[in-house]
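Here's the letter readout for the chains.
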Amino acid sequence: MRNIPIIILFLFLILSTGSASIITSGDTPSTAGTTESPDEYASITGYVTDAANGETLIGANVILRGTTIGASANTSGYFIISRIPPGKYTIRFSYIGYINKEMEITVERGERKRLDVELVSTEVMIQELVIESDAFKEELARIGTSQLTTQLIKQLPAVFQADVFRSLQLLPGIKAASDFSSGLYIRGGSPDQTLILLDRTTVYNPSHFFGFFSTFNPDAIKDVRLFKGGYPAEYGGRLGSVVDIYNKDGNRNNMQGIVSLGMLSSRASIEGPLPGESGSYMIAARRSTLEPLLAVLKQQIEDIPESFYFYDLNAKINFDAGLNDRLSLSVYAGRDYLNFPFGNDLELDLSYGNRTISANYTRIVSRSMFAAVTATGSYYFNRPYFYFGGTDFSRFNRVYDYSVKTDLDWIPSQQHSFRFGVWAGNLLLRLDDEFDGLTTLTSRIETAYVTAFAQNRWRPVNYLTFNIGLRANYFTKGNYVRVEPRTSVIYNLGENTTLQGVYGRYYQFLTLITSEAFAGFDVWLTTDNGVPPAWGDQFGLGVTHRFSPAWNIEVEGYYRTMRDLFELDPLLPDVAGLEYHELFRFGDGYAYGIEVLLERTVGRLNGFIGYTWGNTRRRFPGYNRDNFYPPKYDRIHDLDLVVNYNLSRRWLITGVFNYATGQAYTEPLGRAAVINDPFATGRRDYLIVGNVNASRLPAYHRFDVSISRRGRFFGIGDSELQLQIINLYSRRNIWFYTFDFEENPVRREKIQLLPILPSINYTVYF
């Protein structure tokens, strides 16, 4: 009942701010008591696509020059400009890395004009850094939101292969746990506080090679959108952030493909049009190529895996059912497998992976309305098997998530853009343990969920924009109903400066039991009676300024709370016979910081500098004397420098420098001996440690460089040879310390991260 006033207030704000849209046009206020028919005005709708391959351009800008009338393409590449006064206009289409296109048009009273426009890609992609803050886009002016293209992902130096998450870790506010982890630690949140979507489908373990790489093949990806915080009402289910990834649709004009050979893995993809120009398809595959290396190592080293591989398969098909109707089907499958014998009596056999499927139907309902219906399925599994001295132990962990969602975009005027949606599904978590052939644990947790949202982008005047949203959640496990108000304000101080404030409340009904060092054993748990959902509030203030067409700066401060955090209690001596809610401990936390991003986006020399000053803390009763402590991944200072230099149209040099405060750890201080312990038969020693994570490892820093050369492959197609050197000056950063506990604890060994590593990749485009 406590949520009812919030629901009423925000629904009133969302709907009442839109009431004026029926009687207003453009930026001209209506006269009191006057009503105007929609037939007084015209509308322009259509898709914006790449002229070379027909791929939709998400977020492309469309504007009528000399006016404030415009729009941006949605995630389907579709735009709507409604309530346009009759007359002659110059319409301009623009997108980063493409030549602007302008057309002279005339719209008549009541006309519904359809403009499907193709933009031509330019060689600017090798002269510009194709990462940009959406704050400089007319419709996507939201600080804390970034767009990442596959061109940049492939351009940046990477350990053995290009990686989506490794590229995201270079942005302010996003931190990496180590060289061996692709997990995203965003604004003080753990990886499970980030929602990962692939073609609108939740991915529960986006990692390969035990967390070393993410599961997303750059050859299959079209667009990556990141919401670091304060994300809008259309997303939910996580306390912190969202990474929204879209697969390529496939080339609608010509068949084309990619073959890439690398030291760790190789990739191949093919795409092309369907017969009769009725759609397109895309298939991309990636597999590790470690077998030759393992065979050589086995001759020299004893403890080497008997077998290890991982693979990915992405496929998508699109079908145009009509001018206004489109269908698509997208699937993903990935798996890691490891067989590792340790001597004669110990063996580990591990398999884990993901499967997703997404079927999407979009329809242009009217000149101001666009609808999408999506059915999704997501499956995650891991199955470790241990054999030791004739005894075996195995665990089979599965996550099944099936859902249907529908979204409706309604743009009745230039002042208002509404979005509504409903998402309903069923989540099943299963865990089975076996010991020596006997079942020792069977757990089945199943819950249905329903969410609904409404949001209104309201622009009362040219320089001021409000985004007001409300999201409601129902989780049957525990019978929880939670409401999340969201709002943001954007104030434009002229053409080059933007101020923004954002607030949102967020709930999370899941928690992840994982290891930073090894991602193959992840276990998801959910709320239930006595285990309420975690929740938190996020606040943000920011400013962006464009000094010139080449230079941008963005500064943002954030503060977020985390309440009712729940995780398995590590201090329980024995869990046998305990109720589900008794397995958990509950705590709270907070995070705050300042992020600065300075970009140069044009010219032969381009790049960006990102800096983050941030703090995050956690607190659990009975732990660390009930005081707040920094989690291991807390880094106070984090600096990233990315520089591209185009030597010519063929040669490109890229350098990446990282600096970060050392990770937090708990230092053992000594031992205490109790001689006359009435409960012990002799002397008992106790280990004395300092405050939790009160010590720091040495600062982390590393410099990577990449040199790329473009050419031709025997007249068959274009090619690219990329030589990379990771950790150029071979800085041996510390991963963790080991200690000798025989007497007073002393540091025994420094476990180091990556040394200098060369890498080479060769890619052919045909």
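*Asks:* What is the right way to read the overall build of the protein from this model?
*Replies:* Helix and strand counts for the protein stand at 4 helices and 48 strands. Here the protein, with 766 residues, has 55% of them falling under the buried criterion. Long-range contacts, defined here as pairs at least 24 residues apart, represent 64% of the contacts in the protein between residues at least 6 apart.

*Asks:* I keep staring at a nonpolar patch on the surface and nothing clicks. Help me out?
*Replies:* On the surface, a cluster of nonpolar side chains totalling about 950 Å² of accessible area is made up of Met263, Leu605, Ile609, Leu641, Val643, Tyr645, Leu647, Trp651, Ile707, Leu721, Leu723 and Ile760. Per-element accounting of the nonpolar patch gives the leading share, 3 residues, to strand E38 (residues 637-646). Locating Met263 in the fold gives a position in the loop between strand E19 (256-262) and strand E20 (265-273). Here Met263 falls in the partly exposed class, since its relative accessible area comes to 42%.

*Asks:* I tried to follow the sheet that holds strand E5 (residues 87-94) on my own but got confused; where do I start?
*Replies:* Each strand in a sheet pairs with another by means of backbone hydrogen bonds, the pair being arranged parallel or else antiparallel. Spatial ordering of the open sheet is given by E3-E2-E5-E6, a layout of 4 strands whose pairing is antiparallel. Strands at the two margins of the open sheet, each flanked by one partner only, are strand E3 (70-72) and strand E6 (101-107). On average, each strand axis in the sheet is tilted by 20 degrees relative to the strand beside it, whichever way the strands run. Two strands pair when backbone bridges link them, and strand E2 (residues 61-64) and E3 are joined in this way by 3 bridges, in the antiparallel orientation. Bridge pairing in E3 places Ile63 opposite Gly70.

*Asks:* Explain the side chain of Glu556 here, please?
*Replies:* Following the sequence through the fold, Glu556 ends up in strand E35 (residues 551-568). A polar side-chain atom of Glu556 sits 3.0 Å from a polar atom in the side chain of Arg187.

*Asks:* Please clarify how the packing of aromatic side chains should be interpreted in this entry.
*Replies:* For any pair of aromatic rings, the description consists of the separation of the ring centres together with the inter-plane angle of the planes. Summed over all chains, the structure comprises 34 aromatic pairs. The rings of Phe227, Tyr231, Tyr235 and Tyr506 are connected pair by pair, giving a single aromatic cluster. Above the face of the Phe396 ring, Arg398 is positioned so that its terminal group lies 4.0 Å from the ring centre. A cation sits over an aromatic face here: Arg585 above Tyr623, 4.7 Å from the ring centre.

*Asks:* What am I meant to see in the pairing of strand E30 (residues 480-492) here?
*Replies:* Across a regular strand the side chains alternate sides, sitting on one face of the sheet and then on the other. Two elements, strand E29 (residues 464-475) and E30, share 12 bridges in a ladder whose sense is antiparallel. By the bridge assignment, Tyr474 is partnered in E30 with Val481. Where E29 hands over to E30, the hairpin turn is made up of 4 residues, of which Gly478 adopts a positive phi near 100 degrees. When E30 meets strand E31 (residues 497-508), the two strands line up antiparallel, connected through 7 bridges. In the sheet register, Val489 faces E31, and the bridge partner there is Gly501. Connecting the antiparallel pair E30 and E31 is a turn made up of 4 residues, with Gly494 showing a positive phi of about 85 degrees.

*Asks:* Would you explain the pattern of salt bridges in this entry?
*Replies:* If the charged atoms of two oppositely charged side chains come close together, the side chains can form a pair. By the definition in use, this model includes 35 salt bridges. Of the charged contacts in the structure, one is a salt bridge between Asp704 and Arg702, with a shortest N-O distance of 2.8 Å. Like Arg702, Asp704 is buried. Salt bridges sharing common partners tie together Glu55, Asp199, Lys222, Asp249 and Lys316.

*Asks:* It is not clear to me how unusual backbone geometry should be interpreted in this structure. Could you clarify?
*Replies:* One can expect most non-glycine residues to show negative phi and most peptide bonds to be in trans. Its identity is not glycine, yet Phe714 carries a phi of approximately 50 degrees, on the positive side. Within the secondary structure, Phe714 is located in the loop between strand E44 (700-713) and strand E45 (717-726). Backbone geometry places Asn727, a non-glycine residue, at a positive phi of 60 degrees. Inspection of the secondary structure puts Asn727 in the loop between E45 and strand E46 (734-740). Asn727 gets classed as buried once you look at its relative accessible area, which sits at 0%.

*Asks:* Looking at this model, I keep getting lost on the environment of Lys222. Mind explaining?
*Replies:* Following the sequence through the fold, Lys222 ends up in strand E17 (residues 221-227). In this view, Lys222 contacts Glu55, Thr56, Ile58, Tyr246, Asn247, Lys248 and Asp249; residues no more than four positions away in its chain are not counted. A distance of 3.2 Å separates the side chain of Lys222 from the side chain of Asp249, its partner in a polar contact.

*Asks:* Can you walk me through the side chain of Asn727 in this structure?
*Replies:* Of the polar contacts made by the side chain of Asn727, one reaches the backbone oxygen of Leu754; its length is 2.8 Å. Not counting residues within four places of it along the chain, the set of residues in contact with Asn727 comprises Arg702, Phe703, Asp704, Leu754, Pro755 and Ile756.

*Asks:* Sorry if this is basic, but what is going on with the environment of Thr406 here?
*Replies:* When you line up the elements, Thr406 lands in strand E26 (residues 391-410). Residues Thr406 and Val422 lie 16 residues apart in sequence; the distance between their C-alpha atoms is 5.5 Å. Residues within four places of Thr406 in sequence aside, it is in contact with Ala372, Val373, Phe420, Gly421 and Val422. A polar contact of 3.3 Å, which involves the side chain of Thr406, links it to the backbone oxygen of Ala372.

*Asks:* Explain the pairing of E44 to me, please; I cannot follow it from the model alone.
*Replies:* Relative to E44, strand E39 (residues 651-660) is paired through 10 bridges, and the arrangement is antiparallel. When the bridges of E44 are listed, Ala660 appears paired with Tyr700. Between E44 and E45, which follow one another and run antiparallel, lie 3 residues, and Phe714 among them has a positive phi close to 50 degrees.

*Asks:* Can you walk me through the nonpolar core in this structure?
*Replies:* Across soluble globular proteins, nonpolar side chains have a tendency to be buried as a group. Counting 25 residues, the largest nonpolar core has Val164, Phe165, Leu168, Phe216, Val224, Val243 and Ile245 as the members making the most contacts within it. Within the residue set of this core, elements represented by two or more residues are helix H3 (164-168), strand E13 (194-198), E17 and strand E18 (241-247). Once residues within four sequence positions are removed from consideration, Phe216 is found in contact with Val164, Phe165, Ile196, Leu198, Val203, Pro206, Ile221, Ile245 and Arg286.

*Asks:* Quick question: what am I supposed to make of the environment of Trp423 here?
*Replies:* Inspection of the secondary structure puts Trp423 in strand E27 (residues 416-435). With 50 residues separating them along the chain, Trp423 and Val373 place their C-alpha atoms 9.8 Å apart. With residues near it in sequence (within four places) discarded, Trp423 still touches Thr202, Ser403, Val404, Lys405, Tyr449, Val450, Thr451 and Arg471. For Trp423, the side chain forms a polar contact with the side chain of Ser403, separated by 2.9 Å.

*Asks:* Sorry if this is basic, but what is going on with the confidence of the model for the protein here?
*Replies:* Detailed reading of the predicted coordinates is not advisable wherever pLDDT is low. In this model, the protein carries an average pLDDT of 86, and 88% of its residues clear a pLDDT of 70 or more. By mean pLDDT, the top-scoring element of the protein is strand E14 (residues 201-202) (97), and the lowest-scoring one is strand E9 (residues 131-133) (37). Here residues 18-36 is a poorly scored stretch, pLDDT under 50, and it has 29 contacts once near neighbours within four places are set aside; other chains count. Low confidence marks residues 124-141, where pLDDT is under 50. Its contacts with residues over four positions away, or in another chain, come to 77 contacts.

Reading guide: rules and limits
- Residues numbered from 1 in each chain as written.
- Predicted model: local features only at pLDDT ≥ 70, side-chain atom pairs only at ≥ 80, totals over all residues.
- Heavy atoms only, no water.
- Helix = DSSP H or I, 4+ residues; strand = E, 2+ residues; numbered from the N terminus.
- Buried < 20%, exposed > 50% of the residue type's maximum accessible area, 1.4 Å probe, protein only.
- Contact = heavy atoms within 4.5 Å.
- Patch = residues over 30% accessible without salt bridge, like charges linked within 9 Å, V, L, I, M, F, W, Y side chains within 5 Å.
- Areas by Shrake-Rupley, 256 points an atom, 1.4 Å probe, with all protein chains shown as cover.
- Salt bridge = Lys/Arg side-chain N within 4 Å of Asp/Glu carboxyl O.
- Pairing = 2+ DSSP bridges.
- Axes fitted to C-alpha atoms, helices over the stretch in contact; angles between N-to-C directions.
- Polar contact = N/O pair within 3.5 Å; in protein donor to acceptor, adjacent residues only side chain to side chain.
- Phe/Tyr/Trp six-rings, centres within 6.5 Å; stacked < 30°, edge-to-face > 60°.
- Lys NZ or Arg CZ within 6 Å of the ring centre and 35° of its normal.
- Core = buried A, V, L, I, M, F, W, Y, C linked by side-chain atoms within 4.5 Å.
- pLDDT = per-residue confidence, 0-100.

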